[in-house]
Amino acid sequence: MVARHDLTTDPELRDELLTVRRGTAFFARKVTELSDADFDEPSLLPGWSRRHLLAHVGDNARALTRLVQWANTGVETPMYDSPAARDAEIDFGATLPVRALRHLNDHAAISLDVEWRDSPDAAWEATVRTAQGREVPARETVWMRTREVWLHAIDLANGARFSDVPEPVLARLLRDITGTWRARGTDVGLVVAVDGWDDRLGDIESEDPAIVSGELPDLVRWASGRGDTGVTASTGEITPAPRWL
Ligand code: ZN
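Residues numbered from 1 in each chain as written. Predicted model: local features only at pLDDT ≥ 70, side-chain atom pairs only at ≥ 80, totals over all residues. Heavy atoms only, no water.

A. A look at the nonpolar core. Core analysis: the biggest nonpolar cluster contains 43 residues, and Phe-27, Leu-173, Leu-174, Trp-181, Leu-219 and Trp-222 have the highest contact counts within it. Residue assignment for this core shows that the elements contributing at least two residues are α1 (11-32), α2 (50-73), α4 (98-117), α6 (140-155), α7 (167-184), β3 (190-194) and α8 (216-223). (Core = buried A, V, L, I, M, F, W, Y, C linked by side-chain atoms within 4.5 Å. Buried < 20%, exposed > 50% of the residue type's maximum accessible area, 1.4 Å probe, protein only. Helix = DSSP H or I, 4+ residues; strand = E, 2+ residues; numbered from the N terminus.)

B. Fine view of the environment of Thr-8. Relative to the assigned elements, Thr-8 resides in the segment before α1. Among the residues examined, Thr-8 registers a relative accessible area of 0% and is labelled buried. Sequence separation between Thr-8 and Trp-124 is 116 residues, and the spatial gap between their C-alpha atoms is 8.3 Å. A distance of 3.1 Å separates a polar side-chain atom of Thr-8 from the backbone nitrogen of Asp-10. (Polar contact = N/O pair within 3.5 Å; in protein donor to acceptor, adjacent residues only side chain to side chain.)

C. Structural view of the coordination of the zinc ion. Surrounding the zinc ion are the protein donor atoms His-56 (NE2), Glu-148 (OE), Glu-148 (OE) and His-152 (NE2), which sit 2.0 to 2.6 Å from the metal. The sequence pattern formed by the donor residues of the zinc ion is H-x91-E-x3-H. Separated by four residues within a single helix, Glu-148 and His-152 lie in helix α6, roughly one turn from each other. Residue Glu-148 is classed as buried on the basis of its relative accessible area of 12%. Relative accessible area serves as the criterion here: at 7%, His-152 is assigned to the buried category. (Donors = N, O, S within 2.8 Å, 3.2 Å for Na, K, Ca; no water.)

Right, dumping it as structure tokens:
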């Protein structure tokens, strides 16, 4: 039975679904603003043209769809067969005519959304495994996709800005990124201070930390490895952020 509305009754999850759909619409709008020829130009990601980026965003939707199907059926379907298979898919996708790439991307986004819509509450809590090998509840796919569509809309390099991203998404991103550094121990002596926030992130136990501060959108840009505009450092010199993904 196909539902026309989300099956989940969880208000928090419904909220997250709203945010990811806004992000999907935002990404789609930025794609629409580009001509086919524009896709031969570079994206903001090193070594990737906009074709690569569009191919990747479509692939990502299909990979996340597999995780949601896994949660719904109990039949294990990984995101990708291997990292090499993922890269090969992107390289192949980038060779397709842009018209086809646009269709594939739209179609993949719709399929993922239908899969979410038709997932009952129990499926959202089922454990699946990400490409990085993390075991997460299926509801995490919503956040994984949220990050992708908002950040990669900026990476299209045709006018989307970090300040276009909703504040709760930026805040969660920064906590995610600094949390990853923490877990890996790559943030020794580094503290992140967001203007207007009570708490600080990073190596807050350090006695003599280098404090990187700024407005939330600028700090997310820096923390995600996309430049240091608007960011200041207590040491006077802004170091590149530790790796995130
Ligand atoms: Zn991505």
